[in-house]
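If you want the building blocks of each chain, they are given just below.
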Amino acid sequence: MKLVLLGAPGAGKGTQAKKLIEKFGIPQISTGDLLRAAVAAGTELGKEAKTYMDKGELVPDSVVLGMVQERIKQDDCKEGYILDGFPRNTVQAEALDKMLAELGMSLDAALSVEVPTEDLMKRLTGRRTCAGCNQMYNIHFQAPAEEGKCDKCSGELFQRDDDKEETITKRLEVYQEQTAPLIDYYREKGILKSVTGTGDIDEIFQNVLQTLGVG
Ligand code: AP5
Ligand code: MG
Ligand code: ZN
């Protein structure tokens, strides 16, 4: 299964991707996670990316495209992958089509996870992530058993640098302007599917499986 996950910041792309990984054993390619790893490692690419991420703006296409191209060629992507947070604009979507054509691959679906804008701020300000295993929590909706500690690996939970109110507002604007048009892009290609992203996480996942025709 070769899948693109579309959805606003906080829609639950990462949350649902983790469940898809568990079920299908295919990798998640999250450009946000790859960029945050580069920032944490202090590489030149990471330093450049951070200036954009801290403002809630998109990192330049050339940076992201290079990262995805390298990742998608790796052996574990042969059986499929979940692209999370990529593509983010029309230039990236067209570049992805070209990249896949060259590799003799094509996408099975673009799945749009739909959540009303008014829910997103609370989800994002409440998000906490495990430093050990990347599991997501939410102080409002999905709190860990022990405050600040991961249920799965006991790792420390942290708050993302870009989950501040003013940065979130900017990310939501950027999504509307640059990423939301991809819904039409994939609809025109005939591979768009959509699922409601509100309610119980496991129920959403069942809908995801059904919508993708793999449930
Ligand atoms: P990225 O990391 O992709 O962030 P994003 O798109 O803003 O999306 P999020 O990760 O914030 O949300 P999500 O949909 O994954 O939600 P999650 O599952 O965590 O990008 C960050 C930055 O990197 C960008 O701003 C940009 O600068 C750069 N970047 C990345 N990719 C790029 C690209 N391709 N091109 C250029 N720049 C790029 O869930 C959110 C919270 O809600 C969690 O706390 C979760 O527990 C909770 N939650 C999930 N589901 C539910 C539910 N059903 N009910 C209640 N709470 C829920
Ligand atoms: Mg995410
Ligand atoms: Zn953990």
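Summarised in this report is the structure supplied together with it. Since the structure is predicted, the reported quantities are computational estimates derived from the model, not experimental observations.

1. Quick look at unusual backbone geometry
Then, in step 1: Cis geometry marks the peptide bond from Phe86 to Pro87, where omega comes out at -5°.
Then, in step 2: Tracing the chain through its elements places Pro87 in the loop between β3 (81-84) and α5 (90-102).
Then, in step 3: Notably, Asn134 is not glycine yet its phi reads approximately 70°, a positive angle.
Then, in step 4: With respect to the element layout, Asn134 can be found in the loop between β5 (127-130) and β6 (136-138).

2. Concerning the pattern of salt bridges
Then, in step 1: Overall, the coordinates contain 15 salt bridges when judged by the stated rule.
Then, in step 2: For Lys50, the salt bridge goes to Asp54, with nearest N and O atoms at 2.9 Å.
Then, in step 3: On the basis of relative accessibility, which here comes to 28%, the residue Lys50 falls in the partly exposed class.
Then, in step 4: Between Lys50 and Asp161 there is a salt bridge, and its shortest N-O distance comes to 3.4 Å. Of this pair, Lys50 sits in helix α3 (residues 44-53) while Asp161 is found in the loop between β7 (157-158) and α7 (165-179), placing the two residues 111 residues apart along the sequence.
Then, in step 5: One continuous salt-bridge network, built from bridges that share partners, spans Arg127, Arg160, Asp162, Asp163 and Arg171.

How each quantity is defined
- Residues numbered from 1 in each chain as written.
- Chains lettered and ligands numbered in written order.
- Predicted model: local features only at pLDDT ≥ 70, side-chain atom pairs only at ≥ 80, totals over all residues.
- Heavy atoms only, no water.
- Helix = DSSP H or I, 4+ residues; strand = E, 2+ residues; numbered from the N terminus.
- Salt bridge = Lys/Arg side-chain N within 4 Å of Asp/Glu carboxyl O.
- Buried < 20%, exposed > 50% of the residue type's maximum accessible area, 1.4 Å probe, protein only.

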